[in-house]
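The chain contents come next:
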Amino acid sequence: MEAQGKSSEDDDRGERGLLHSWRGYSYSVVPERLLLPRPVLQVALGAQHGVLLVEGGQVYTFGELPWKQTQASQPTKPTLENALSGQRVIAVAAGSFHSGAVTEDGSVHMWGDNVAGQCGLSGLSCVPNPTPVALLEPGGAQSVPVLELACGEKHSLALSAQREVWAWGSGCQLGLNAAAFPVWKPQKVEQLAGRWVLQVACGASHSLALVRCVGPDGIQRPPVDKCNQCNQLLYTMTDKEDHVIISDGHYCPMGVEAKEDPPPTQTLKASPSEPTLPSHSSCTSTPAAPTPDPTPDPEDSQKAGTTTAASDSDPPPSPKAAATTSSAKSSPYPGEKEVKEYLRKLSDASQTEAKMANSGLHALQTPSSGRGQSALNSLVASCASAVGERVASTYEALSLKRMMNFYLPSSRLEALAGGADGGAERVRREESVQAKKSSSTGDIHEEEAEGLRRRLSLPGLLSQVSPRLLRKVGRSRTRAFALTPMGGGVPEDQDVFPTLQTEVWSWGHGEHGELGHGDNLDRLQPLCIKSLNKKEVIRVSAGAHHSIALTAQSQVYSWGSNLSGQLGHMDTPSTVPRLAKLSEGIRVWDASAGERHTLLLADGDCIQPIIYYSGQQVKEAGGEEEEQEEVEEEEDERPGGYTQQPVLLPFCMNLGFVSSVVAGGRRCVALSDRNVMGFISSLHELASAERKFYCKLCDIKSQVLRPLLELESLSSALGPAATELLQTLAGRFSLLSHLTGQHAASLTANLRRGRDVSSLAMLEHASIFLDVYNDYCSTVGNFFVMGGFHALTKLPLDIFGKSPELLQRLSECSEENTATSDLLVALFYLPTQHLHEYDRLLLKLATCFEVSSGDYQKLQDSCSKFEALTLQLKRKRKEAEYTFHFWKSFPGKMTDSLRKPHRRLIYESSNKSLTVQNAGRFSVNWFILFNDSLVHAQFSTHHIFALATLWVEPTPEDDSGLHGLKVVTPEETLTLLASSSAEKTKWLRAINQAVDQALSGAGQDAGGLASKSDPPISRTASYTFYKDGRLKDATYEGRWLAGKPHGRGILKWPDGRIYTGSFKSGLEDGFGEFACPNKALKKDDLYQGYWKEGKMHGLGTYRYASGEVYDGSFQDGMRQGHGMLRSGKHNTSSPSVFIGQWIQDKKTGYGVFDDITKGEKYMGMWQDHQRQGTGVVVTQFGLYYEGAFKDNKMMGTGILLSEDDTTYEGEFSDDWTLSGKGVLTMPNGDYLEGSFSGEWGSGLKVTGSYFKPNLFDAEKDRNRAVKLGRLSVRAEEKWQAVFEECWSQLGCQAPGQGEHLKAWENIAVALTSRKQQIQDSPEILSRSRSKTLEGLEVIPQHEGPITIERYHSIRLYLLKACDTPLHPLGWLVETLVAVYRMTYVGVGANRRLLPQAVNEIKSYLCRIFQIVRFLFTDLPEEGGLIPEPSENLPDENQDTSADTRTESPKPGRVVSSSALLLPVLLPRLYPPLFTLYALEKEKEDDMYWECVLRLNKQPDLALLAFLGVQQKFWPVSIPNSLPAPGEKQPVITSTKDACFALAVETLQQISTTFTPSDKLQVIQLTFEEITQEVQSLLKQDFLWSMDDLFPVFLYVVLRARIRNLGSEVSLIEDLMDPCVQHGEHGIMFTTLKACYYQIQHEKIT
């Protein structure tokens, strides 16, 4: 406990935790003060002794301590328990003759009398000093930590940190199914397992537990499906013909009979997750009875009748078994006598119990529904609907008599029917009253609902509920409003506030009625006291034979023995909880029960708490000592006087501020504090105010709200809208009330234990209070504005008519003759005034601390929060009143459409303060400013402008003296004139403030006049367009700028069209997605891409509902530029693909069309979706056509070749149809010349001449060879749209025309904007790519003379740029690769297309190079030279070889497009290109390969000899560098693949490279390897002659076994850099080529 801010700790010691003790009550009693070295934190009293816990965790005991052997029987002064030194104790407990303590780590120490095992230590009759006791789970080694203890006469209970109850000692009050007593080891009380227990208390021979309700807001626990003792299901389900009954009436029969046998070991323990069916054998083995009663427990038999499954598990025990039960009991109560007593009482007890079935005596409450689905929950889920529909009809069908015959044995019926004796009658009356009396916070309908939830079918209820009543209940349930927030609507964290939804469970001996179940029977297992459900019990206390429950509403319920008046009321004895009689306005907040008395601590009229006493009075005796008198009294057992009802102890005002009271034995104790610096009194005042406020709220709820909501005529009088508002208001009121109740309980608990600021929940969690109050005030305002309070006064309720005093009293209205509606308004706004109390009391608390301290700061902050809220709610109320009066005076027709619950009036122009400019003389323009809209009303029409999309600005003051305001909305712009400059300012500020508030959310503080100046011009809002036009009825939600959509947003049309993306000045602009429903196909057309000024513009993808997909450029909403159209249902197997140029939504220009179904591919010109101009067609059967097309047909001159080289050259009239003059050439060279007609492949008609050319006629023969490619589209005319698109991305109108600086800017913009777009969906971008992007955002140096170094930096930049599609060059390369593959893959892999494919690559290079030279202006043109730097080159050479796409250093000085761009382009185009080469060179390669295979069969020496290699070049032995193991060995005749092995290996790498320069580099390295090897042989420098070199190189080529060498050679030849042809590389390449031809024609003799 912290010392206070201002007083030092030493001073404080004497002011806190003062202990006062006295006995009984009479006028002369004066409390005695026990002095202790430290403040006392907790006191526990036994029959003759007490235990004290002081600050610092030390424990003292006082009184008679017979278990201390050293002490005489004289009562002792407080003595320190040394055995606990070194442990910090946090809680103590005292039983009649034993004590217990809990330490900080949760361990338990017990000492005192142990005859009945109450100390939990076996083998000792008493325990002199505190000794540890462990709580162990079965099979667990770890001790369970404990929170608190309670001790009775012969038993002890512990509450574990898991909120479970453990018990040990003797008697049925343990709640354990023990076979024999005492129970030495602590055991868990299974009946409460899975429930969240809040507190336990022990009487002499009974136990109480306070348990949190298992409601929707209950803590989730794994539900327990089975009884751990008898292993039977706790819940059973019976399926009747027309309804299902679920029973939770399981009553465990095991271990009820106490025997002397040792407890049996539990062999069978099923896991709770496997519900097994209950069997007879599991429970009949132990003869047992639930009560010592020879006939079956009536309630159980009722249950047995109703639920067949239950009857299986609970067979009615035989009378014989019952008789043996009590005789074997090891308890001190007289067994036989007890049984006789029961027999005597039997009839009334059983009747009582039958009637008590109402409270479901043995019912277990259902475990919390939620994550852990127990067997019951799934049952409930499956049956809920059936039960819900049929329950009423089923019950009605059964007549009362039949039901009683069904549920009760006939022998009982006479007893029931006949007049029972007075006691039973009274119990029944009590019960029904208890059941009907609606608790002040519960709601009667809800209690029924709760009951239904508890047992979906209620067998117990049927015995006394008439079908008529059921009908009535069924009727009223349709309108039942929960006034208690069952769903825990409070934004409460379970740990912030104590719960109010609690139940009290009791068990043990019940002969005095101390169990509260309406009878005097014992209970062996915990059972819920139904009548205390919904009473919000927050604390229980148990005396010797009576029990007390304290509620959040500061009421005290008591039951049990009342011989000395200890119950505080005159009913003796009370077997059900009754309210103690206390005068009006006394709010009890702490209570304690002793042996025959009860102490209550309450709020009186002043802040200081007062103490009430009820119970045994102490006789005053002249000079005799008190002690003597007590002894005497004990001997005589004289009843003495006792109090009729609780009496005020006159001396309590002298004790200071009492924080708790304790009763025990015959003694009373109070702990108090002195009021240092006013701190303690402020804490008390705060708690007291909260308790008072909660009681007030409960009164309002029960006396005003509930009667209102239960009225049948409510909805008809109010109308549906207002009824709903009233229900919301009631809900919010309940939330507020519930929160207050919890807070009051929290403050009370703080007074009882801590009394410090740090544990005040309202400081840490102020936001919860602020939100709840804010919501509540808004709902009151909404109801008020809609005229709800006035409508309520018309309802036929007494409080509105005959007895308005109640309203006057509740609303604290002092004025006479106030209108009922005003009283109601005052009443419902009353809670908001409580905030001022918070504010005042927190400020009062703060003054107790130094200004610099943290506590002061905390209090001050919270205080200002509450103060601000108070002002805000006051202003809200004023706004609501102003609005309400406005609606009263407003013309009726418009009111209905404009009056909305949340709408508040801010300003209006009925005084002509604002008109429209240029308005007619007789026009009426009335402006009304609400908190959500500006309304412009004319004669009979009005227009509403939402504030979120309203912009207002003053028009500049001109000489005309007009005070104008310009109002901009999405579809209108108005100029309004104010009557004066002041009015103009006022309106401007009002509108701007309202707009600002509407944007920031109404919950925000509306601010005074000094709120922020202007609302933001750019904002997020939603708007529906109403004017005719493109956007009519469309709704836009997103960013705005000055009246126009601008930024990200969503636009939805009523016909289902949706645009999502960016806007600019009201139009779609930038990247966006558009969906347009296609009604015929019932699917959407989807577009994703770029927009400009409301139209699709730029790159995008359009997916048509028909399944077609267009991917490419758009302009003005049409397909224009380069694009690809895939048609067919699935993109994977689409029947056709077109890729090429579009103009105005049509295929026009060059394009490639792949008709997959026909197996044809067309590459040529188009116009208006038709093939027009020159083009090429190839088919999957190897046909090749090139020539003219017209109207989508082959028409005009063309050339047709078939697979076997048959060629036709001439006129065509239709696809594959010859018509007109032509020449048909056979593969062998013969040809026909003449006029042809007919379709190719199906018989041609020919009129003409046949020629067989002369073998020597060389001239003519040469002319016959057909030149392909003349009639196809020229390479530079292909894909112009792609290049144009790239130029336009760089900001150029036409290729090369534009500012290159502007182009660099465009590149930077494109990169950043696209990168941003991709960041929204990061999965598109790999990490390496985002790195590349960062590198590209820096613009390289692009001006100034080009040096070798700059040339390389340009090369690296291009490599990077072409690697990302976000860069215009990268996009260009990616698109070109796509179109190239599209053209030459699949059917397009036709060998006749090779020359076109090569030319196309060359044209790419040329056109890309033009763009590169535009970006880097100083780059020399193709073939230009870069001056060599003065330094030597090896450095640069290393640099290039570091990059994979290396180049030989020398040509690097000549600028060429192929050197710069092929490394970028060719690797991506290589597969289709190389395939074409392989097809073209197929025959030659086959011949070459056959030869390679033959020659490679030779060993090295033979091959070298055959090829004519000079002998001096023959290696003598295998060189070191070879990986072969072992020493050098000479090359012998049989050795293979050993000579020139490194050179061979190097040459094989030619197939792994892409660009010609890389391939040439490989050839050069091969030559170097050969030279090196020869030099190492000759051991001298050496110059090759071609005659020497060629055979050696030929050997290497043969051994390298390169499969498609012809293709490699052709590729290098076609794409080689021209500047290399005559250099060293050129010669080496020629050598390789010569080798290839040599091998082809090699003949092996």
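Criteria and cut-off values
- Residues numbered from 1 in each chain as written.
- Predicted model: local features only at pLDDT ≥ 70, side-chain atom pairs only at ≥ 80, totals over all residues.
- Heavy atoms only, no water.
- Disulfide = S-S within 2.5 Å.
- Buried < 20%, exposed > 50% of the residue type's maximum accessible area, 1.4 Å probe, protein only.
- Pairing = 2+ DSSP bridges.
- Helix = DSSP H or I, 4+ residues; strand = E, 2+ residues; numbered from the N terminus.
- pLDDT = per-residue confidence, 0-100.
- Contact = heavy atoms within 4.5 Å.
- Axes fitted to C-alpha atoms, helices over the stretch in contact; angles between N-to-C directions.
- Parallel < 35°, antiparallel > 145°, perpendicular 65-115°, else oblique.
- Left-handed = near helix turned anticlockwise from the far one by under 90°.
- Nonpolar A, V, L, I, M, F, W, Y, C, P; charged D, E, K, R; others polar.
- Phe/Tyr/Trp six-rings, centres within 6.5 Å; stacked < 30°, edge-to-face > 60°.
- Lys NZ or Arg CZ within 6 Å of the ring centre and 35° of its normal.

1. Section: the state of the cysteines
In step 1: In the structure shown here, the tally under the stated rule is zero disulfides.
In step 2: Free of any disulfide, Cys 695 has its nearest neighbouring cysteine sulfur in Cys 698, separated by 6.4 Å.
In step 3: By relative accessible area, Cys 695 is classed as buried at 16%.

2. Side note on the pairing of strand S42 (residues 1058-1064)
In step 1: With six bridges connecting them, strand S41 (residues 1044-1052) and S42 associate as antiparallel partners. If you follow Gly 1049 over to S42, its bridge partner there is Gly 1061.
In step 2: In this antiparallel pair of consecutive strands, S41 and S42, the connection spans five residues, and Gly 1056 shows a positive phi of 105 degrees.
In step 3: The pairing of S42 with strand S43 (residues 1067-1078) spans six bridges and is classified as antiparallel. Residue Phe 1063 lies in a different strand from S43, and its bridge partner there is Glu 1068.
In step 4: Hairpin connection from S42 to S43: two residues lie between these consecutive antiparallel strands, with Ser 1065 at a positive phi of about 50 degrees.

3. Quick look at the confidence of the model for the protein
In step 1: When pLDDT is averaged along the protein, the result is 77; 73% of the residues meet or exceed 70.
In step 2: Note on residues 346-482: pLDDT is under 50 here. Beyond four places in sequence and across chains, it has 237 contacts.
In step 3: Low confidence marks residues 1518-1529, where pLDDT is under 50. Its contacts with residues over four positions away, or in another chain, come to twelve contacts.

4. Description of the sheet that holds strand S38 (residues 973-978)
In step 1: Overall, antiparallel pairing links the four strands, which are arranged S32-S38-S37-S36 in an open sheet. Two strands in the sheet have a free side with no partner beyond their single neighbour: strand S32 (914-916) and strand S36 (951-954). On average, adjacent strands in this sheet sit at an angle of 30 degrees to one another, irrespective of strand direction.
In step 2: Relative to strand S37 (residues 963-968), S36 is paired through four bridges, and the arrangement is antiparallel. The residue of S37 that forms the bridge with Val 952 is Val 967.

5. Points about the packing of helix H22 (residues 820-846) against helix H23 (residues 854-889)
In step 1: Their axes nearest at 8 Å, the elements H22 and H23 cross at an angle of 160 degrees. Relative to H23, the element H22 lies roughly antiparallel. Our pair here, H22 against H23, has a crossing hand that is left-handed.
In step 2: Taken together, the residues of the contact of H22 with H23 sort by class into 16 nonpolar, six polar and three charged.

6. Considerations on the packing of aromatic side chains
Geometry of an aromatic ring pair is reported as the spacing of the ring centres plus the angle between the planes.
In step 1: Taken as a whole and assessed by the stated rule, the structure comprises 61 aromatic pairs.
In step 2: Aromatic pair Phe 679 and Phe 849: ring centres 5.6 Å apart, planes at 85 degrees, arrangement edge-to-face. You can see Phe 679 sitting in helix H15 (residues 679-709) and its partner Phe 849 sitting in the loop between H22 and H23, a full 170 residues away along the chain.
In step 3: Taking relative accessible area as the criterion, Phe 679 reaches 2% and is therefore assigned buried.
In step 4: Its end group placed over the ring of Tyr 1110, Arg 1119 keeps NZ or CZ at 5.6 Å from the ring centre.
In step 5: Just above the ring of Tyr 1162 sits the side chain of Arg 1171; from NZ or CZ to the centre is 5.3 Å.

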